[in-house]
Amino acid sequence: QVQLVESGGGLVQPGGSLRLSCVASGSIFKIVTMGWYRQAPGKQRELVANITHTGDTKYADFVNGRFTLSRDNANNAVALQMNSLKPEDTAVYYCNADLITGRGNWMAYWGRGTLVTVSS
């Protein structure tokens, strides 16, 4: 059993910052890719950023240098530092991990999501 636990969402004014954290726990052999997706009301879930076990990072175009994703391999954790937030960044943010379980199965796991609201 693998769990992803997210923290750090909340309400912030436009131009402000938030830091989202996610920790994976359970029977994990190796986390291949870990990162964040988001889903705004009425829209499809979309990639925000992810990072491989070797540190290669991918960002969505809308990030445009505002967000930074970091990874702590020793603790199976990632953190997304979000700066210069805009109202259009309002969404539920979901942590995602593609990993190999202790039994050798390649699986994708999701957190429950954390709400980020950018509003004045």
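The preceding data block contains the structure.
Worth saying up front: this structure is predicted, and the values here are computed from it rather than measured.

Participant: Before we move on, can you summarise the sheet that holds strand β1 (residues 2–7) with the specific residues and values?
Facilitator: Read from one edge to the other, the open sheet built from 4 strands follows the order β1-β3-β8-β7, with strand pairing classed as antiparallel. Looking at the sheet topology across the chains shown, the edges are occupied by β1 and β7 (67–72). The sheet shows a mean angle of 15 degrees between the axes of neighbouring strands, taken without regard to direction. Where β1 and strand β3 (residues 18–26) come together, 6 bridges link them in antiparallel fashion. Pairing of Gln 3 across the sheet is with Ser 25, part of β3.

Participant: Can you break down unusual backbone geometry residue by residue, with the values?
Facilitator: Leaving glycine out, the prevailing phi sign among residues is negative, and the prevailing peptide bond configuration is trans. Notably, Asn 64 is not glycine yet its phi reads approximately 50 degrees, a positive angle. In this structure, Asn 64 sits in the loop between β6 (57–59) and β7. One non-glycine residue, Ser 84, adopts positive backbone phi at about 50 degrees. In this structure, Ser 84 sits in the loop between β8 (77–82) and β9 (91–101).

Participant: Would you mind going over the environment of Glu 88 in detail, with residue names and values included?
Facilitator: Within the secondary structure layout, Glu 88 lies in the loop between β8 and β9. Measuring from C-alpha to C-alpha, the distance between Glu 88 and Phe 62 comes to 9.9 Å, with 26 residues separating the pair along the chain.

Cut-offs applied
Residues numbered from 1 in each chain as written. Predicted model: local features only at pLDDT ≥ 70, side-chain atom pairs only at ≥ 80, totals over all residues. Heavy atoms only, no water. Pairing = 2+ DSSP bridges. Helix = DSSP H or I, 4+ residues; strand = E, 2+ residues; numbered from the N terminus. Axes fitted to C-alpha atoms, helices over the stretch in contact; angles between N-to-C directions.

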